[in-house]
Amino acid sequence: MELVQMQKSLQDYTKSLFLDGVLDSQFLQLQQLQDESNPDFVSQVVTLFFQDSDRILNDLSLSLDQQVVDFKKVDPHVHQLKGSSSSIGAQRVKNACVVFRNFCEQQNVEGCHRCLQQVKKEYYLVKNRLETLFKLEQQIVASGGMIPAMELGF
Amino acid sequence: MASDGGVSCLRRSEMMSVGIGGIDSPPLDVDEVHVLAVDDSLVDRIVIERLLRITSCKVTAVDSGWRALEFLGIDNEKASAELDRLKVDLIITDYCMPGMTGYELLKKIKESSSFRQVPVVIMSSENVITRIDRCLEEGAEDFLLKPVKLADVKRLRNYLTRDVQVSNGNKRKLPEDSPPLTLSHDSSDSSPPPSTLSPDSSDSSSPPLSPVEIFSSPLLSPLDDEDDDVLTSSPESTPSPVRRQKMRSPGLD
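Keep in mind that this is a model prediction, so the values were computed, not measured.

S.K.: Looking at this structure, I do not really get the overall build of chain B. What am I missing?
M.R.: Looking only at helices and strands, chain B features nine helices and six strands. A separation threshold of at least 6 residues defines the contact pool for chain B, and within that pool the share at least 24 residues apart is 69%. Per element, the accessible surface of chain B, about 11300 Å² overall, is 51% carbon and sulfur.

S.K.: Which parts of the structure should I look at to understand the packing of aromatic side chains?
M.R.: Remark: the centre distance and the inter-plane angle together describe each pair of aromatic rings, the angle taken between the planes. In this structure the tally under the stated criterion is five aromatic pairs over all chains. Between A:Phe49 and A:Phe50, the aromatic rings sit 6.0 Å apart at their centres with planes inclined by 50 degrees, giving tilted as the arrangement. Looking at A:Phe49, the relative accessible area reads 0%, which means it is buried. Judged by its relative accessible area of 8%, A:Phe50 falls in the buried class. If you follow B:Arg134 out to its NZ or CZ, it ends over the ring of B:Tyr103, 4.3 Å from the centre.

S.K.: Is there a simple way to think about the packing of helix α3 (residues 41-64) of chain A against helix α2 (residues 42-54) of chain B in this case?
M.R.: The relative placement of two packed helices is expressed as an angle between their axes plus a distance between the axes. Interaxial distance between α3(A) and α2(B) falls to 9 Å at its minimum, and their mutual angle equals 160 degrees. Taken together, α3(A) and α2(B) sit at an angle that is classed as roughly antiparallel. Crossing of α3(A) over α2(B) shows left-handed handedness. Facing α3(A), whose interface residues are A:Phe41, A:Val45, A:Leu48, A:Phe49 and A:Asp52, α2(B) presents B:Leu42, B:Val43, B:Ile46, B:Val47 and B:Arg50.

S.K.: Please explain the UniProt feature "modified residue: Phosphohistidine" (unreviewed entry) in chain A as it appears in this structure.
M.R.: The UniProt entry lists A:His79 under the feature "modified residue: Phosphohistidine" (unreviewed entry), expressed in the numbering used here. Topologically, A:His79 is positioned in helix α4 (residues 71-88). What A:His79 contacts, discounting residues up to four positions off in sequence, is A:Arg101, B:Cys96, B:Ser125 and B:Glu126.

S.K.: Sorry, what's going on with the UniProt feature "domain: HPt" (unreviewed entry) in chain A here?
M.R.: The UniProt feature table records "domain: HPt" (unreviewed entry) at residues 38-143 of chain A. Across residues 38-143 of chain A, the secondary structure splits into 86% helix and 0% strand, with the terminal C-alpha atoms separated by 20 Å.

S.K.: How do you make sense of the environment of A:Ser53 when you look at a structure like this?
M.R.: All names here are of chain A. Turning to its location among the elements, serine 53 is positioned in helix α3. Residue serine 53 is classed as buried on the basis of its relative accessible area of 0%. Put simply, serine 53 and leucine 81 are 28 residues apart on the chain and 6.5 Å apart in space, counted from C-alpha to C-alpha. Sequence-distant contacts of serine 53, that is, excluding residues within four places in its chain, are made with Leu81 and Tyr123.

S.K.: Can you help me understand the pattern of salt bridges in this one?
M.R.: If the charged atoms of two oppositely charged side chains come close together, the side chains can form a pair. According to the stated counting rule, one finds 17 salt bridges over all chains in the structure shown. We note a salt bridge from A:Asp12 to A:Lys8, for which the minimum N-O separation is 2.8 Å. With A:Asp12 and A:Lys8 both in helix α1 (residues 3-19), this residue pair falls four residues apart, about one helical turn. Accessibility expressed as a relative area gives 40% for A:Asp12, which makes it partly exposed. The salt bridge involving A:Lys127 is made with A:Asp54; its shortest N-O contact spans 3.5 Å. Taken together, the residues A:Lys127 in helix α6 (residues 109-142) and A:Asp54 in helix α3 connect sequence positions 73 residues apart. Residue A:Asp54 is classed as partly exposed on the basis of its relative accessible area, which comes to 32%. Among the charged side chains, a salt-bridge network with shared partners connects A:Asp75, A:Lys82, A:Arg101, B:Glu126 and B:Arg131.

What counts, and where the lines are drawn
Residues numbered from 1 in each chain as written. Chains lettered and ligands numbered in written order. Predicted model: local features only at pLDDT ≥ 70, side-chain atom pairs only at ≥ 80, totals over all residues. Heavy atoms only, no water. Helix = DSSP H or I, 4+ residues; strand = E, 2+ residues; numbered from the N terminus. Contact = heavy atoms within 4.5 Å. Areas by Shrake-Rupley, 256 points an atom, 1.4 Å probe, with all protein chains shown as cover. Phe/Tyr/Trp six-rings, centres within 6.5 Å; stacked < 30°, edge-to-face > 60°. Buried < 20%, exposed > 50% of the residue type's maximum accessible area, 1.4 Å probe, protein only. Lys NZ or Arg CZ within 6 Å of the ring centre and 35° of its normal. Axes fitted to C-alpha atoms, helices over the stretch in contact; angles between N-to-C directions. Parallel < 35°, antiparallel > 145°, perpendicular 65-115°, else oblique. Left-handed = near helix turned anticlockwise from the far one by under 90°. UniProt positions renumbered as here; feature names shortened; annotations may be inferred. Salt bridge = Lys/Arg side-chain N within 4 Å of Asp/Glu carboxyl O.

Following this line, the structure appears as structure tokens:
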């Protein structure tokens, strides 16, 4: 595939993530922090987010599977995930966490289980999309091209 | 990038890499703003660190209030020669942290004779008025709503500048009207208050980069954000700011 085509694909793909609400403007903020001295900043932060989130989701599954759910344990995890997803612009994950926290407050176990599923769904979606995005970027760079800037009217 | 949970003194390693010296490096230049960032979230720590460094601050990032106090030397009795050189111009801390909250850390800092003058900024993902008020009453300088944006950090940077003395006679024009305390509410796309604009913004309102800074700073010229508020590079010592986008898409303008 030609370089220009790849760059266009990347732009279209990125744009779709914003239009679908998977990413919000905070992701753009992260991209602004990337430059030639920190060329992998976004993917590095996002990778940390993935590692952090995998751990949190695991802990959440364990906590919710207990006979007696300790919401004092569950809520901080959700709070943490809400925070980190917000910091990287993973909007749908963040929103799912907000709903999750409401059910925690109500001590609604059934509701929390549903929320966990929803959070996982949104998380795997954004993870998948971002991994694809980074692959596209790598292909462009490997072909000697530059990553096109996002010109978004958001 | 630090991936452990402890102290990441990134600036130190950068200084070493340009042969400035090791731990026994000379005291921080009065021009260089040193920020202590406190956040238990690794992702947030990395982001705030980068935000601060891109606005020409030296950053020490720690993961808890206890480590912050340890770093400042507030919680131990013995004086250390090292500590005499410790210059912290700003402390920025998350509110919700396990163990010691940002509010508790704020109180301890304000109780300390050595550090009570240091401005403390609180960050929180929750826009709770009572929380904000409580922090401001306890002496917090400002309150930032997470997720923190470049514009937020630049605004902090601006009101720090007026306290930094320029030692080499290279006087910068400082904003005439320093902005009143403003709260950063969650209006992600609105621009920060323009009160930080100095009418003659062609003069820099941030410290000119010293030679050390030019070689070790990851970003020579802090970028203009979409609001084009403050020109953050000094004409004398840095190249003119290059918009980040231009670096990324030379052929696609």
